[in-house]
Amino acid sequence: MTPHRAPASHRQLVVATVAALVAVALAVLGTLDTWAGREVDAALGRALLAFALARGLNGVISVVQGTQVALEPGGLGVTLTPGEILDPVNDLVEQFSTVMLVASASLGLQKLLLGISAWWPLTLLMALALAGWIALAWRGGGDSRARQWLRALAVVLLALRFAVPLAALTSEAAYRLFLAPEFEASTSQLEGARSGLAERADAAAQAAQPAPDESLLDRANRWLAETRETLDLKARLADLQQIAADTTRNVIDLIAVFVLQSVLFPLAFAWVAWRALTRWLPRSLA
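Our subject in this report is the structure included herewith. (Residues numbered from 1 in each chain as written. Predicted model: local features only at pLDDT ≥ 70, side-chain atom pairs only at ≥ 80, totals over all residues. Heavy atoms only, no water.)

## Re the side chain of Thr187
Within the secondary structure, Thr187 is located in helix H5 (residues 144-208). A polar contact is formed between the side chain of Thr187 and the backbone oxygen of Phe183, at a distance of 2.8 Å. Here the side chain of Thr187 touches Glu184 through a polar contact of 3.1 Å, landing on its backbone oxygen. Each residue touching Thr187, except ones within four places of it in the same chain, is listed here: Leu53 and Leu254. (Helix = DSSP H or I, 4+ residues; strand = E, 2+ residues; numbered from the N terminus. Polar contact = N/O pair within 3.5 Å; in protein donor to acceptor, adjacent residues only side chain to side chain. Contact = heavy atoms within 4.5 Å.)

## Focus on the layout of surface pockets
Each pocket or cavity is described by its volume, and for the second largest pocket that value is around 410 Å³. Along its surface, the second largest pocket is lined by 20 residues, and Ala154, Val155, Leu158, Ala159 and Leu277 are the ones closest to its centre. Those elements that place two or more of their residues in the lining of the second largest pocket are helix H1 (8-29), helix H4 (120-139), H5 and helix H7 (233-285). Counting residues per element, the lining of the second largest pocket draws most heavily on H5, which supplies eight residues. Looking at the lining of the second largest pocket residue by residue, the class counts come to 19 nonpolar, no polar and one charged. (1 Å grid on protein atoms, 1.4 Å probe; cavity = no way out; pocket = protein on both sides within 12 Å on 5 of 7 lines; lining within 4 Å. Points joined across faces, edges and corners; volume = space filled by probe spheres on them. Nonpolar A, V, L, I, M, F, W, Y, C, P; charged D, E, K, R; others polar.)

## What about the pattern of salt bridges?
Under the criterion given, the structure shown has seven salt bridges. Among the ionic pairs, Arg161 bridges to Asp33, the shortest N-O distance being 2.6 Å. Of this pair, Arg161 sits in helix H5 while Asp33 sits in helix H2 (residues 31-65), placing them 128 residues apart in sequence. A residue is classified by how much of its surface remains accessible, and Arg161, at 0% relative accessible area, is buried. Among the residues examined, Asp33 registers a relative accessible area of 16% and is labelled buried. Arg46 is the partner of Glu172 in a salt bridge, and the nearest nitrogen-oxygen pair spans 3.0 Å. One end of the pair, Glu172, is in helix H5; the other, Arg46, is in helix H2, and 126 residues separate them in sequence. Residue classification places Arg46 among the buried residues on the basis of a relative accessible area of 12%. Shared partners join several salt bridges into a network, and the residues in it are Glu39, Arg46, Glu172 and Arg176. (Salt bridge = Lys/Arg side-chain N within 4 Å of Asp/Glu carboxyl O. Buried < 20%, exposed > 50% of the residue type's maximum accessible area, 1.4 Å probe, protein only.)

## So, the environment of Tyr175
Along the chain, the position of Tyr175 falls in helix H5. What makes Tyr175 buried here is its relative accessible area of 5%. Tyr175 sits 87 residues away from Ser262 along the chain, and the two C-alpha atoms are 9.9 Å apart. Not counting residues up to four positions away in its chain, the partners in contact with Tyr175 are Arg46, Ala180, Phe183, Val257, Gln261 and Phe265.

## Let's talk about H4
For H4, spanning 20 residues, the distance from its first C-alpha to its last is 28 Å, which sits close to the expected 28 Å at 1.5 Å a residue. Those residues of H4 that fall on the buried side of the exposure criterion are Pro121, Leu122, Thr123, Met126, Ala129, Leu130, Trp133, Ile134 and Ala137. Downstream of H4 by one or two residues, Gly140 has phi in the positive range, about 75 degrees. (Expected span 1.5 Å × (residues − 1).)

## Some remarks on empty space enclosed by the protein
Applying the stated criterion to the full structure yields one cavity of 30 Å³ or more. Size it by volume and the largest cavity reaches roughly 50 Å³. Elements with a minimum of two residues in the lining of the largest cavity: H2, helix H3 (83-117) and H5. Of the residues in the lining of the largest cavity, the class split is four nonpolar, three polar and two charged.

Geometric values such as these leave the question of function open.
What follows is the structure, given as structure tokens:
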């Protein structure tokens, strides 16, 4: 003899009751809010770090653009102006800093919405709606229309209460799964580019300073050094062009990372949640 199985409607009521209790407990304890707040803070910290990196890189590039390396071995003048190579990169970095400011503002807005969704009257209304719906469902009979409307209200309040925390958690999970290596590699390379350009700017500034009284041997050594630098002019230009190309690629990668995490991932989650809600509510009220 097979064991007796409860009717499907009874099992569904048990599952719905347990789910409602878990939802109310999470809302009251604020567990999801705490986790989501930590994740948003982490994302906001990365965005502000990238913004500071962009502003620092912009400043260093501006300094390098204003330098001219003049080499005059044997009276033959050769002038290297890095500005023409770095000017497009500087424009891109300025746009990148604007994107990072927008991304930081978006993450700050998510932080504010987390506080709003955790507002205790909203939690109270959600708990009351869930309790009323579960009570009517277990009671059975009565006005089924009222029960359906109460269930729809409970679902809407659940969405308002948990949509922002879940969006923040899913966005951060997607970042760690897909975007974290790209962010770490790009920021590390941009830090290296900034340090390298800063060293070039310092070297150019020192070279531009008037030399003190030199002996004949010092002048001969300086002449030989300048001659070597002149012969290495193409290599220096190629080095700057490589820095410009690498910086451009890394900046574009970081723009993609933060647009995905701070804008597209939350919007995608909101769209999926809205589609599910709008498809389910009409059927629940039928």
